[in-house]
Amino acid sequence: MIELRPYQFAAIDAIYRYFADNAGNPLIVLPVGTGKSLVLASFSARAIADWADTRILIITHVKELIAQNYAEMIRLWPDAPAGIYSAGLNKRDLHAQILFAGIQSIHKRAYDIQRCDLALIDECHLCPRTSDTMYRRFLGDLTSINPHLKVIGFTATPYRLDSGMLHEGDGALFTDIAYEAGVAEMIAQGYLCEVVPKRTATQLDTTGVGSRGGEFIPGQLEAACDVAAVTEGAVDEIVRYGADRGSWLVFCAGVRHAEHVRDAIKERGFSCEAILGETASAERAEVIAAFKRGDIRCLTNANVLTTGFNAPGVDLIAMLRPTKSVGLYVQMIGRGTRLANGKENCIAEGQRVLTDKGLVPIERVTTAMKVWDGTEFVRHFGAIFRGEREVISHGGLEATPDHLVWTQKGWTTLGQCALEQAPVAVTGDGGRPVRTTEGRFRGGRTETTRRKAAPVDRMSRLWRAILERLHQLDEGLRRVPHVRQPTQRAEVVGKACRIGKATVHKPEQPFLRWLWRTRNPLRVSIADGHGGVGSGEPGAAQ
């Protein structure tokens, strides 16, 4: 007998609770590897047990997922009234009470299906927001047949690169998140394998690669990544990190790239095959089966094994395919989070992402950062890396090693500060301390009350506000085709305002606007000696 895990029970109960009080289309968010297929099967079985004539349609986009979901249904309920409608699987059981279908095959058959009570969409983040799509037209037809149709989405990544969160904004198909289990929570409870990111020496240079729809243009991306010297270096690192690992999965930027990486791994004496879109179904199934048995050490692939691929033994993932899509990245890394006998964790070779904070290792990118989309820095949706972070202690502070602190030499990281044993003056965003105790915070060898630190704190916030305003003005200026650069320099002299003990010369707003239009430099100085060491100090701007 199959027993559900507590969070799987909770997800199913959440659906019932949601429809008891709401009439929308809810989302169930479960990380990759936590058993969405079993939740789909168990919920379907329970719904039919409660209402015997319930008609259920479970839709997804690839035949591998259709077969996987159907197999889980039969494993749970061998006599289930279930069938498959998929051209790729050569099955057309149109009138099954529980029908597992591919959207490409069934999107024009709503009136042949007739009444449907529940439409469960697996990997629902692949449903575009626009109304003129297979999913939206098909669901519209089903709703016209049964206005009481309930639509439920299942996904590990409830967001899309082109439109944000699936349940927010105009035109959203889904209305709420009824249940969500976090990756860190699942790892902590022992249901997922820990992912250990590794910094790599080999870097993939995407300079000059264009974007379309918020993602890299595939052909240009492959040309940038499929460089012999880069491939050789990356494969050397894969072999080094994978020496004590038994199952490697490599994501590549294109077909030729996947083949070249495969060949380079084979040259080093390791068994490796490439799974491509053009790989025949029978051959693909045979290769994947050999990989799962351990007969093949490594698989490379080009946009094939991102969803619907279930190989719990994967314990090394190499990301040789840069992406701007948080959802795609999470799906790829998720291939290594499943539990397996003898598997303690999964190594994920990292990559750096261009953000408004500079080049940042992808495992450190947060939702507070903006990512470069080829034209400008934009917000992304959902955490790229979710899990525990290393924390160090220095000078009375507890923070991550890359946390920025202010020292006598300027801004640096807490990790570097600890290595140099340098005293800390100001820490945290806007000078706010990481840790406070009884109204006080520690800074290196000195201990200062918040009240005494207020001028520095306020100057730092003023500094950041000024820079943010100038950045906004500069962004507006960039959109003006021609700007004439003046030759003369202008110094801001305006009326002074007093903050604590510090006096700041503040320009009048009209003069500031004129000044930035002419691209003259702006200097903000502190009058009583709190600043004056250059543009990098929190209390002074140049």
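Below, the structure is looked at part by part. (Residues numbered from 1 in each chain as written. Predicted model: local features only at pLDDT ≥ 70, side-chain atom pairs only at ≥ 80, totals over all residues. Heavy atoms only, no water.)

The number of helices and strands found in the protein is 15 helices and 31 strands. Scored against the burial criterion, the 542 residues of the protein give a buried share of 49%. If you take every contact in the protein between residues at least 6 apart in sequence, the share linking residues at least 24 apart comes to 65%. Roughly 26,700 Å² of accessible area belongs to the protein as shown, and the carbon and sulfur atoms make up 50% of that amount. (Helix = DSSP H or I, 4+ residues; strand = E, 2+ residues; numbered from the N terminus. Buried < 20%, exposed > 50% of the residue type's maximum accessible area, 1.4 Å probe, protein only. Contact = heavy atoms within 4.5 Å. Areas by Shrake-Rupley, 256 points an atom, 1.4 Å probe, with all protein chains shown as cover.)

Next up on the list: the side chain of T34. With respect to the helices, strands and loops of the structure, T34 is situated in the loop between β1 (26-29) and α2 (36-50). Of the residues examined, T34 reaches a relative accessible area of 1% and is grouped as buried. Not counting the four nearest positions on each side in its chain, T34 is found in contact with R5, Y7, Q8, M186 and L192.

With respect to the element layout, T300 can be found in strand β16 (residues 298-301). Look at T300 and you get buried, because its relative accessible area is 0%. Engagement of the side chain of T300 in a polar contact is seen with the backbone oxygen of A258, the distance being 3.0 Å. When sequence neighbours within four positions are dropped, the list of residues in contact with T300 reads V250, C252, A258, V261, R262, I265, C272, E273, A274 and I275. (Polar contact = N/O pair within 3.5 Å; in protein donor to acceptor, adjacent residues only side chain to side chain.)

Glancing now at the state of the cysteines. In the structure shown here, the tally under the stated rule is zero disulfides. Counting only cysteine sulfurs, C272 is the nearest neighbor of C298, a cysteine outside any disulfide, at a range of 3.7 Å. When its relative accessible area of 0% is taken as the criterion, C298 is described as buried. (Disulfide = S-S within 2.5 Å.)

To continue, consider the pairing of strand β6 (residues 118-122). With five of its five residues buried, β6 lies for the most part within the structure. Pairing between β6 and strand β7 (residues 150-155): five bridges, direction parallel. Bridge pairing in β7 places L120 opposite I152. (Pairing = 2+ DSSP bridges.)

Sheets are built from strands that pair by backbone hydrogen bonding, the pairs being arranged parallel or antiparallel. Within the open sheet, the eight strands sit side by side as β4-β3-β5-β2-β6-β7-β1-β10. Their pairing is mixed. Edge positions in the open sheet fall to β4 (91-92) and β10 (176-180), since each of these has one partner strand only. Judged from the four bridges that link them, β1 and β10 form a sheet pairing that is parallel. Looking at β10, one finds that P26 is bridged to D176. Sitting on the sheet, α2 is in contact with β2 (56-60), β5 (98-102), β6 and β7, with an inclination near 175° to β6. (Axes fitted to C-alpha atoms, helices over the stretch in contact; angles between N-to-C directions.)

Turning our attention to unusual backbone geometry. Positive phi, close to 65°, is recorded for Q114, a residue that is not glycine. We note that E123 has phi near 55°; this positive angle belongs to a residue other than glycine. For E123, the position within the fold is in the loop between β6 and α6 (134-145). Given a relative accessible area of 4%, E123 falls into the buried group.

This part is about the environment of V151. Residue placement: V151 occurs in strand β7. Residue classification places V151 among the buried residues on the basis of a relative accessible area of 5%. The sequence separation of V151 and L118 amounts to 33 residues, and the corresponding C-alpha distance is 6.0 Å. Beyond its immediate chain neighbours, meaning those up to four positions away, V151 contacts N25, P26, A119, I121, L139 and F174.

Next up on the list: helix α12 (residues 326-334). Where burial is concerned, most of α12 is hidden: nine out of the nine residues are buried. The complete set of buried residues in α12 reads V326, G327, L328, Y329, V330, Q331, M332, I333 and G334.

This paragraph deals with the nonpolar core. Grouped together as the largest cluster of nonpolar side chains are 36 residues, with contacts concentrated most on I28, M73, F100, L120, I152, F154 and Y179. Within the residue set of this core, elements represented by two or more residues are α1 (6-21), α2, β2, α3 (63-76), β3 (82-86), β5, β6 and β7. Element by element, the count of residues in this core is highest for α2, at eight residues. Setting aside anything within four residues of it in sequence, one finds F100 in contact with I58, I66, N69, Y70, M73, A82, G83, I84 and Y85. Grouped together as the second largest cluster of nonpolar side chains are 26 residues, Y85, A101, I113 and F174 included. (Core = buried A, V, L, I, M, F, W, Y, C linked by side-chain atoms within 4.5 Å.)

Before going further, it helps to spend a moment on α6. An α-helical turn contains 3.6 residues, so a residue and the one three or four places further along point in the same direction. Taking 1.5 Å as the rise per residue, α6 with 12 residues should run 16 Å; its terminal C-alpha atoms sit 17 Å apart, in good agreement. For α6, every residue scored as buried is listed here: Y135, R136, F138, L139 and L142. Projected down its long axis, α6 carries its buried residues within an arc of 165°, all on one side. (Expected span 1.5 Å × (residues − 1). Arc of directions from axis to C-beta.)

This paragraph deals with the packing of aromatic side chains. One pass over the full model with this rule turns up seven aromatic pairs. Relative to Y191, the ring of Y7 has its centre 5.1 Å away and its plane inclined at 65°; by these criteria the two rings are edge-to-face. Note that Y7 is positioned in helix α1 and Y191 in the loop between α7 (183-188) and β11 (194-198), a separation of 184 residues in sequence. By relative accessible area, Y7 is classed as buried at 4%. Aromatic side chains Y70 and F100 sit 5.8 Å apart centroid to centroid with 85° between the ring planes, which places their arrangement in the edge-to-face category. (Phe/Tyr/Trp six-rings, centres within 6.5 Å; stacked < 30°, edge-to-face > 60°.)

This part takes up the packing of helix α9 (residues 228-241) against helix α10 (residues 255-267). Axis separation between α9 and α10 bottoms out at 10 Å; the angle between their running directions is 50°. With respect to α10, the element α9 is oriented oblique. Once α9 is placed against α10, the crossing between them reads as right-handed. For the pair formed by α9 and α10, the contact residues are T231, E232 and V235 on the first element and H257, H260, V261, A264, I265 and E267 on the second. The residue inventory of the contact of α9 with α10, partitioned by class, reads four nonpolar, three polar and two charged. (Parallel < 35°, antiparallel > 145°, perpendicular 65-115°, else oblique. Left-handed = near helix turned anticlockwise from the far one by under 90°. Nonpolar A, V, L, I, M, F, W, Y, C, P; charged D, E, K, R; others polar.)

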